[in-house]
2 protein chains.
Amino acid sequence: MGHVDISTALQRIAAIVGPSGVVAPADAAGLLVDERQLFSGAAALIVRPASVEQCAQVIRTCHEAGLGVVPQGGNTGYCGGATPFDAQRQILLSMARMNHVREIDPIGFTMTAEAGVVLAKAQTAAREQELLFPLSMGSEGSCQLGEVLSTNAGGLAVLRYGTARDLVLGLEVVLPNGDVLSELKGLRKDNTGYDLKALFLGAEGTLGVITAVVLKLFPEPRVRQTAWVAVASVDAACRLLSRARRESGDQVVSAEYISRRSLELVLAHVRGARDPLDSAAPHYVLLELASADEEGVLRDRLERIFSRCTRCRRGRRRRDRGLR
Amino acid sequence: MGHVDISTALQRIAAIVGPSGVVAPADAAGLLVDERQLFSGAAALIVRPASVEQCAQVIRTCHEAGLGVVPQGGNTGYCGGATPFDAQRQILLSMARMNHVREIDPIGFTMTAEAGVVLAKAQTAAREQELLFPLSMGSEGSCQLGEVLSTNAGGLAVLRYGTARDLVLGLEVVLPNGDVLSELKGLRKDNTGYDLKALFLGAEGTLGVITAVVLKLFPEPRVRQTAWVAVASVDAACRLLSRARRESGDQVVSAEYISRRSLELVLAHVRGARDPLDSAAPHYVLLELASADEEGVLRDRLERIFSRCTRCRRGRRRRDRGLR
């Protein structure tokens, strides 16, 4: 490391990505400040490689010159992790130009996509094939695949589909020395060797830069049903969730616990918000179920879950039988 | 390594596990030959530790003396990987005494169990709580959890539930120097830090010895339906599987492709076997679906999948619409 001088390295990097790959200082402001505007950074150069080859050459050059690399996706983080801070010895590596969905396999239920693809675009690409990419979160309109995988994001549907890590079958990564680790395979029953790719999922870019990924897709549910349920205790909320998972055969996609206190804060401060129920309860659960059934079938199932829930207040023993 | 002499180390190891932890040579034959009887091995000592502490002390002592450690579960492997071969410089570490299911959490859908628990015992323990541990394979009556995790076994239900690696939330491992890495947590939405545990799942014992595990459990399906389907081509088999996944909302648990040639070998050599269908077809698919529905609902769904399959022979375009 450090056997190439920095200004030479920066020139080389600019040449690797070409004029359209270098972000001019005038366009850089949004990239050097984090989402919450808590950190304002600086970088010796901001580049947007267009391919894994360019990405690898850039990182190799940084390695040789001892330059730090700060990878950045949609810059939606809340911790400043994508903000560089050294105007002399760091570059910002934006993945925004590597934004192609390379392939969707509707038989094998996989999508191969570059790391700079915005999450919502990946969701849409799956939906166009009547498939589901289940990772979903508030920032999905701007966060990128590489970013959600590097942070092992959870999102709304963890309960049914797992975190980002659970949704990855294959990965392409540029290592800190510029070597490319390419395991872009979509085989589900692959049980050969070490699961090296798992190391990069959640590593926040510390072990390499994710450049492409093979994602698991799922059948798109036909119907969704959402329920807002008042419960007497936190314990009852947990039992309700367990019952809903059992009764539905794991069709619970999301479950969120909400205390009365949280609800009251919303009612007090959010204009137009109203209490969904007529009387107050100390605790609530927001449940979402999704299935391939007709709408009525799923609604009936949801109602059965709650009817057993009422019965269980009458007698514990009876409820236990009811769960069989 | 190697600064303790071997005979001293072997005495220490015997003392660590106590008399009931040392397997006498007379009882050792079944442990030193592999399942297919292709390899006949030898070891300086065969021990069965009763706890993670004993296991760690044994491995630390081996490390200090330069003794090799060959861990063994139910000895069901087909590759001789659990057979030691050096009567001077290797010990066999059997996990058979670490066979306790420590806890089942019916609300959080997890099981904490020791590595020597036989797979069928883990399945039964889950079923007693009306839950499912979905890993299932021919050797389930004798293979152990540590063994199926170390080899990242797949089994019959990979399509719906993934391989062994996908079923693990937490892990306890003794590292080659005798240190214990304990991450026995059951939190599903854990997205902190590197996924170190993933490295040991599929490592075949090369990175450490798995001593305990937190497994994911699932709602136990109420009904199962199995279908044996004749198809015109391998391509049609793939399309059928895709259609079944979509139509059922991912209730396909198993799918197995079988060629006419394989079937004919069975018919020729297995006494009492008969062709399930009246006329021969070039290719077959064996499908299993499972759900929380009533039996009739799942059967109707299966029939709908096949009726669309018939329709698709009449006109491709119509089938494509049918899938919406």
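Here, residues in each chain are numbered from 1, in the same order as that chain's written sequence. Chains and ligands are labelled by the order in which they are written, letters from A for the one and numbers from 1 for the other. Two thresholds apply to this predicted model, a pLDDT of at least 70 for residue-level local features and 80 or more for giving and counting side-chain atom pairs, whereas whole-chain, interface and lining totals are computed over all residues. Hydrogens are left out, water is left out, and the side-chain values use all remaining heavy atoms of the structure.

Q: Explanation requested: the relation of the copies chain A and chain B in the structure shown.
A: Mapping one chain copy onto the other needs a rotation about an axis and a shift along that axis. When the copies are superposed, the least-squares fit draws on C-alpha atoms of residues that have pLDDT of at least 70 in both. With an RMSD of 0.0 Å, the fit of chain A onto chain B corresponds to turning through 180° and sliding 0.0 Å along the axis. What we have between these two chains is a two-fold relation. Considering only C-alpha atoms, the part of chain A nearest the rotation axis is A:Ala198, at 3.3 Å. What makes two residues a contact is simply this: any of their non-hydrogen atoms within 4.5 Å. Of the residues that chain A buries at the interface, 100% are likewise interface residues in chain B, meaning the two copies contact each other through the same surface.

Q: Can you walk me through helix α8 (residues 234–248) of chain B in this structure?
A: Quick reminder: α-helices carry 3.6 residues per turn. Residues three or four places apart thus point the same way. Here α8(B) contains 15 residues, and its C-alpha end-to-end distance of 21 Å stays within 8% of the 21 Å for a straight helix at 1.5 Å per residue. Per the convention used, a helix needs a DSSP run of H or I reaching at least four residues, while a strand needs a run of E reaching at least two, with both numbered from the N terminus. Just downstream of α8(B), B:Gly249 is the residue with a positive phi angle, here 65°. Multiplying 1.5 Å by the residue count of a helix minus one yields the expected span of that helix.

Q: What is the right way to read the interface of chain A and chain B from this model?
A: Think of interface size as the accessible area that goes away when the parts come together; that is how it is often given. Taken together, the contacts link 50 residues of chain A with 50 residues of chain B. A per-residue breakdown of the area chain A buries against chain B is headed by A:Glu130, A:Tyr194 and A:Arg246, which together make up 15% of the total. By salt bridge we mean one thing: a side-chain nitrogen of Lys or Arg within 4 Å of a carboxyl oxygen of Asp or Glu. Summed over the shared surface of chain A and chain B, the number is 6 salt bridges. The closest approach of N and O atoms between B:Glu247 and A:Arg222, which form a salt bridge, is 3.5 Å. Residues adjacent in sequence count toward polar contacts only when both atoms are side-chain atoms; beyond that, a polar contact is any pair of N or O atoms within 3.5 Å, and within protein one must be able to donate a hydrogen and the other to accept it. Our count for the chain A to chain B interface comes out at 12 residue pairs in polar contact (both at pLDDT 80 or more). Think of it as three bins: nonpolar holds Ala, Val, Leu, Ile, Met, Phe, Trp, Tyr, Cys and Pro, charged holds Asp, Glu, Lys and Arg, and polar takes everything else, Gly as well. Classifying every residue of the side of chain A that touches chain B gives 18 nonpolar, 14 polar and 18 charged. Accessible-area loss on putting two parts together, using a 1.4 Å probe and summing over both, is the definition of buried area adopted here.

Q: Sorry if this is basic, but what is going on with the environment of A:Met111 here?
A: Residues and elements named next belong to chain A. Among the structural elements, Met111 can be located in strand β5 (residues 110–114). Each C-alpha atom, one on Met111 and one on Val101, is 7.5 Å from the other, the two residues being 10 residues apart in sequence. Met111 has contacts with Val101, Glu103, Ile104, Ala122, Ala125, Ala126, Val213, Val214, Leu215 and Leu217, leaving out every residue within four places of it along the chain.

Q: Just to check I follow, could you spell out the pairing of strand β3 (residues 85–94) of chain B for this structure?
A: Side chains on a regular strand alternate between the two faces of the sheet. Residue and element names in this part refer to chain B. By definition, two strands form a pair when at least two bridges between them are found by DSSP. Where strand β1 (residues 42–47) and β3 come together, 5 bridges link them in parallel fashion. The partner of Val47 across the bridge, within β3, is Leu93. Pairing of strand β2 (residues 68–72) with β3 involves 5 bridges; the strand directions are parallel. In the strand pairing of β3, Val69 is matched with Ile91.

Q: Honestly, the side chain of B:Thr211 in this entry has me stumped. Any pointers?
A: Residues and elements named next belong to chain B. Counting through the fold element by element, Thr211 comes out in strand β9 (residues 209–216). Judged by its relative accessible area of 0%, Thr211 is buried. Sequence-distant contacts of Thr211, that is, excluding residues within four places in its chain, are made with Val52, Cys55, Met95, Met98, Glu114, Ala115, Glu172, Val173 and Val174. Residue exposure (1.4 Å probe, protein chains only): buried if accessible area is under 20% of the type maximum, exposed if over 50%, otherwise partly exposed.

Q: Help me understand the pairing of strand β8 (residues 180–183) of chain A in this model?
A: All names here are of chain A. Where strand β7 (residues 168–174) and β8 come together, 4 bridges link them in antiparallel fashion. What sits directly across from Val174, in β8, is Val180. Connecting the antiparallel pair β7 and β8 is a turn made up of 5 residues, with Gly178 showing a positive phi of about 95°.

Q: How do you make sense of the pattern of salt bridges when you look at a structure like this?
A: Opposite charge on two side chains allows them to pair when their charged atoms are near. Throughout the structure, instances matching the rule amount to 30 salt bridges over all chains. Among the salt bridges present, the one from B:Asp179 reaches B:Arg60, with a minimum N-O distance of 3.3 Å. With a gap of 119 residues between them, B:Asp179 in the loop between β7 (168–174) and β8 (180–183) and B:Arg60 in helix α3 (residues 52–65) connect regions that are remote in the sequence. When salt bridges that share partners are traced, they join A:Asp293, A:Arg301, B:Asp293 and B:Arg301 into one network.

Q: When you look at the sheet that holds strand β12 (residues 252–259) of chain A in this model, what are you seeing that I'm missing?
A: The strands making up a sheet are joined through hydrogen bonds of the backbone, oriented either antiparallel or parallel. All names here are of chain A. Strand order in this open sheet of 3 strands is β11-β13-β12, and the pairing throughout is antiparallel. In the strand order of this sheet, the two ends are held by β11 (223–231) and β12, each with one partner. Neighbour to neighbour, the strand axes of the sheet diverge by 15° on average, direction disregarded. Across 7 bridges, the pairing between β12 and strand β13 (residues 283–291) is antiparallel. Within β13, the residue paired with Ala255 across the bridge is Leu287. For helices, the fitted line uses only the C-alpha atoms of the stretch in contact; every axis is such a line through C-alpha atoms, and the angle between N-to-C directions lies from 0 to 180 degrees. Set on the sheet, helix α9 (residues 260–269) makes contact with β11, β12 and β13; between it and β12 the angle comes to about 80°.

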